[in-house]
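# Secondary and tertiary structure notes
Single-letter residue listing:
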Amino acid sequence: MAEVLLPRKMEIPNDPSKFGSPDLLHVLAVDDSHVDRKFIERLLRVSSCKVTVVDSATRALQYLGLGVEEKSVGFQDLKVNLIMTDYSMPGMTGYELLKKIKESSAFRQVPVVIMSSENILPRIDRCLEEGAEDFLLKPVKLSDVERLRDSLMKVEDLSFTKSTQKRELETENAYPVHSQLKRAKI
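Because the structure is a prediction, the values reported are computed rather than measured.

### Describing the sheet that holds strand β3 (residues 82-86)
- Taken together, 5 strands build an open sheet; the order of strands is β2-β1-β3-β4-β5 and the sheet is parallel. Each edge of the open sheet is held by one strand with a lone partner, namely β2 (50-54) and β5 (134-137). Along the sheet, successive strands turn relative to each other by an average axial angle of 20°, direction set aside.
- By the bridge criterion, 4 bridges tie β3 to strand β4 (residues 112-116) in an arrangement that is parallel. Bridging from a neighbouring strand, T85 pairs with I114 of β4.
- Sheet strands in contact with helix α2 (residues 57-64) are β1 (26-30), β2 and β3, and its direction is about 150° off that of β1.

### Observations regarding the packing of aromatic side chains
- Applying the stated criterion to the full structure yields 0 aromatic pairs.
- A cation over an aromatic ring shows up here: R126 above the ring of Y95, its NZ or CZ 4.3 Å from the ring centre.

### Quick look at the packing of α2 against helix α3 (residues 94-103)
- Contact pair α2 / α3: the axes reach a minimum separation of 10 Å and the direction vectors enclose 20°. One element, α2, and the other, α3, form an angle in the roughly parallel class. For the crossing formed where α2 meets α3, the hand is right-handed. Facing A57, A60, L61 and L64 of α2, the residues of α3 in contact are L97, K100 and I101.
- Here the contact of α2 with α3 is composed, by residue class, of 6 nonpolar, no polar and 1 charged.

### Description of the packing of α3 against helix α4 (residues 121-130)
- As a packed pair, α3 and α4 sit with axes 10 Å apart at the nearest point and diverge in direction by 10°. Taken together, the axes of α3 and α4 are roughly parallel relative to one another. Along the contact surface, α3 presents Y95, L98, K99 and K102, while α4 presents R126, C127 and E130.

### Remarks on unusual backbone geometry
- For the bond running from K138 to P139, omega is 0°, close enough to zero to count as cis.
- In this fold, P139 is placed in the loop between β5 and α5 (142-174).
- Even without being glycine, S48 reaches a positive phi, approximately 65°.
- Considering the arrangement of structural elements, one finds S48 in the loop between α1 (34-46) and β2.

### Observations concerning the pattern of salt bridges
- The tally for this structure, following the rule as stated, stands at 11 salt bridges.
- Across the pair K138 and D31 runs a salt bridge whose closest N-O atoms are separated by 2.7 Å. In this pair, K138 sits in the loop between β5 and α5 while D31 sits in the loop between β1 and α1, placing the two residues 107 residues apart along the sequence. For the pair K138 and D31, one class covers both residues: buried.
- Residue D55 pairs with R59 through a salt bridge whose shortest N-O separation is 3.3 Å.
- Residue class for D55 comes out partly exposed when judged on its relative accessible area of 34%.
- Classification of R59 by relative accessible area gives partly exposed; the value is 49%.

Criteria and cut-off values
- Residues numbered from 1 in each chain as written.
- Predicted model: local features only at pLDDT ≥ 70, side-chain atom pairs only at ≥ 80, totals over all residues.
- Heavy atoms only, no water.
- Pairing = 2+ DSSP bridges.
- Helix = DSSP H or I, 4+ residues; strand = E, 2+ residues; numbered from the N terminus.
- Axes fitted to C-alpha atoms, helices over the stretch in contact; angles between N-to-C directions.
- Contact = heavy atoms within 4.5 Å.
- Phe/Tyr/Trp six-rings, centres within 6.5 Å; stacked < 30°, edge-to-face > 60°.
- Lys NZ or Arg CZ within 6 Å of the ring centre and 35° of its normal.
- Parallel < 35°, antiparallel > 145°, perpendicular 65-115°, else oblique.
- Left-handed = near helix turned anticlockwise from the far one by under 90°.
- Nonpolar A, V, L, I, M, F, W, Y, C, P; charged D, E, K, R; others polar.
- Salt bridge = Lys/Arg side-chain N within 4 Å of Asp/Glu carboxyl O.
- Buried < 20%, exposed > 50% of the residue type's maximum accessible area, 1.4 Å probe, protein only.

Remember that the coordinates give geometry; whether it matters functionally is a separate question.
What follows is the structure, encoded as structure tokens:
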């Protein structure tokens, strides 16, 4: 007789360190809908991302230390690799959040992805022209998140490689005799 396997609940750790890498991509997810926040958080965690979720654009700015009223507490070395935000939110839209992030010298280079359930071409074009990395239609799919993660990983790897090469070049210039010996051994 064939053995019948019953479905099991998939355990997804809330602690990103349980994924085994302290250098996970850190995603700030912004959505006013509790259901959508939980959904995108789950997709990102399944894709091995560290996730911080907030319920408004104003809270996202506060978290990043860009808020007008309040500054974030102790986030001078905050490392966020990606910001995913809903477009339609009360108070401040995802588009307005995108503009504020792109105006910031500290976070200008952080990719911002806009999400919306409305497929309005002028809105999509405006977000992309303002500097959005991508515009995803809801419901966001796991394949969308994995594509973004893979793209960011390549950028992070390239950035790491360039910084390593720069340090090696600076070391060679600082110690020219050592670099000549190193070349002679090869």
